[in-house]
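Remarks on the overall topology
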Amino acid sequence: MIRTLTDTNPAREPLRVSFEFFPPKSEAMATRLWDTIQRLEPMAPDFVSVTYGAGGTTRERTHDTVRRIVKETSLRPAAHLTCVGATKAEVLAVAEDYWQAGVKHIVALRGDPPAGMGATFEPHPGGFLDSV
């Protein structure tokens, strides 16, 4: 029998849990990730998130993974969305794409500076300074 994470002892508060996934870098990793997602789904986490790589390097793989979670599972994804390396219009287009795909929860982040930029963050010209 599989118990969900919301099964509780009446004397305790329910356990709240989420899982965070990293987007796959290869087809073999995508298969392994998807196997993992399917194994974790019966645990009924409150939500799952999918990260961006540093500097937004996995942006498309993140979006593809989130859209697949929405389409093929009962999980509630909270998609990471960073403003690194993108204009305001591009960031808003990603948010709109998520909304149209059924993603209603977004983890909005400034994001890490791209490699070689150093510790000082400089927004993309025409981009957001941060997630506020």
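Note: the structure precedes this text.
Structure report, in brief. (Residues numbered from 1 in each chain as written. Predicted model: local features only at pLDDT ≥ 70, side-chain atom pairs only at ≥ 80, totals over all residues. Heavy atoms only, no water.)

**Side note on the packing of aromatic side chains**
The test is simple: Paired rings are identified among Phe, Tyr and Trp, the last through its six-membered ring, by centres lying within 6.5 Å, and are further divided according to the angle between planes into stacked (under 30 degrees), edge-to-face (over 60) and tilted (the rest). Two conditions define a charge located above a ring, namely a distance within 6 Å from the ring centre to NZ of Lys or CZ of Arg, and an angle within 35 degrees of the ring normal.
What the rule picks out here adds up to zero aromatic pairs. Positioned over the ring face of Trp34 is Arg68, at 3.8 Å from the centre of the ring.

**Structural notes on the environment of Val84**
Selection criterion: Note on conventions: DSSP H or I runs of at least 4 residues are helices, E runs of at least 2 residues are strands, and numbering of each starts at the N terminus. Burial classes: relative accessible area under 20% of the type maximum marks a residue as buried, over 50% as exposed, and values in between as partly exposed (1.4 Å probe, protein chains only).
By secondary structure assignment, the location of Val84 is in the loop between β3 (77-82) and α3 (88-101). Given the relative accessible area of 1%, Val84 is considered buried. The spatial distance from the C-alpha of Val84 to the C-alpha of His124 is 6.7 Å, given a sequence separation of 40 residues.

**So, the pairing of β3**
Basically, it comes down to this: Only when DSSP finds a minimum of two bridges between them are two strands counted as paired.
Counting buried positions along β3 gives six out of six residues, so the element sits mostly inside the fold. Burial along β3 is two-sided: Pro77, Ala79 and Leu81 facing one way and Ala78, His80 and Thr82 facing the other are all buried. Pairing analysis gives three bridges linking strand β2 (residues 47-50) to β3, with the strands arranged parallel. In the sheet register, Ser49 faces β3, and the bridge partner there is Ala78. As paired elements, β3 and strand β4 (residues 105-109) share five bridges and run parallel to each other. The partner of Ala79 across the bridge, within β4, is Ile106.

**Section: α3**
The periodicity of an α-helix, 3.6 residues per turn, causes residues three or four places apart in sequence to face the same way. Applicable threshold: Helices are assigned an expected span. That span is 1.5 Å times one less than the residue count. Directions from the helix axis toward the C-beta atoms define the arc. Only heavy atoms matter for contacts: two residues are in contact if any of them lie within 4.5 Å across the pair.
Taking 1.5 Å of rise per residue, 14 residues should cover 20 Å, and α3 covers 20 Å from first to last C-alpha, within 8% of that figure. Every buried residue of α3 is accounted for by Val91, Val94 and Tyr98. The buried residues of α3 occupy an angular sector of 60° when projected down its axis, which confines them to one face. The exposed set on the far side of α3, more than 90 degrees from its buried face, consists of Ala89, Leu92 and Gln100. Taken together, the buried residues of α3 touch α2 (59-72), β3 and β4. Backbone geometry just downstream of α3 places Gly102 in the positive-phi region, at approximately 100°.

**Describing the sheet that holds β4**
Convention followed: The convention used is that axes are lines fitted to C-alpha atoms, helices contributing only their stretch in contact, and that angles between N-to-C directions extend from 0 to 180 degrees.
Read across the open sheet, the four strands follow the order β1-β2-β3-β4; overall the sheet is parallel. The outermost strands of the open sheet, each flanked by one partner alone, are β1 (18-21) and β4. Neighbour-to-neighbour, the strand axes of the sheet open up by a mean angle of 25°, direction not taken into account.

**Considerations on the nonpolar core**
As a rule of thumb, soluble globular proteins bury nonpolar side chains together. How we decide: Nonpolar cores were defined as sets of buried Ala, Val, Leu, Ile, Met, Phe, Trp, Tyr and Cys residues, with membership established by side-chain atoms within 4.5 Å.
Residues Phe21, Ile37, Val48, Val66, Ile69 and Tyr98 are the most contacted members of the largest nonpolar core, which totals 20 residues. Of all elements in the fold, only β1, α1 (27-40), β2, α2, β3 and α3 reach the threshold of two or more residues within this core. It is α1 that contributes the most residues to this core, four residues altogether.

**Side note on α1**
Between its first and last C-alpha atoms α1 spans 20 Å; for 14 residues at 1.5 Å apiece the expected length is 20 Å, and the two agree. Buried residues of α1: Ala30, Leu33, Trp34, Ile37 and Leu40, and no others. Buried residues along α1 cover an arc of 130° about the axis, so they all sit on one side. Facing away from the buried side of α1, by more than 90 degrees, are the exposed residues Ala28, Arg32 and Arg39. Contacts made by the buried residues of α1 are with β1 and α2.

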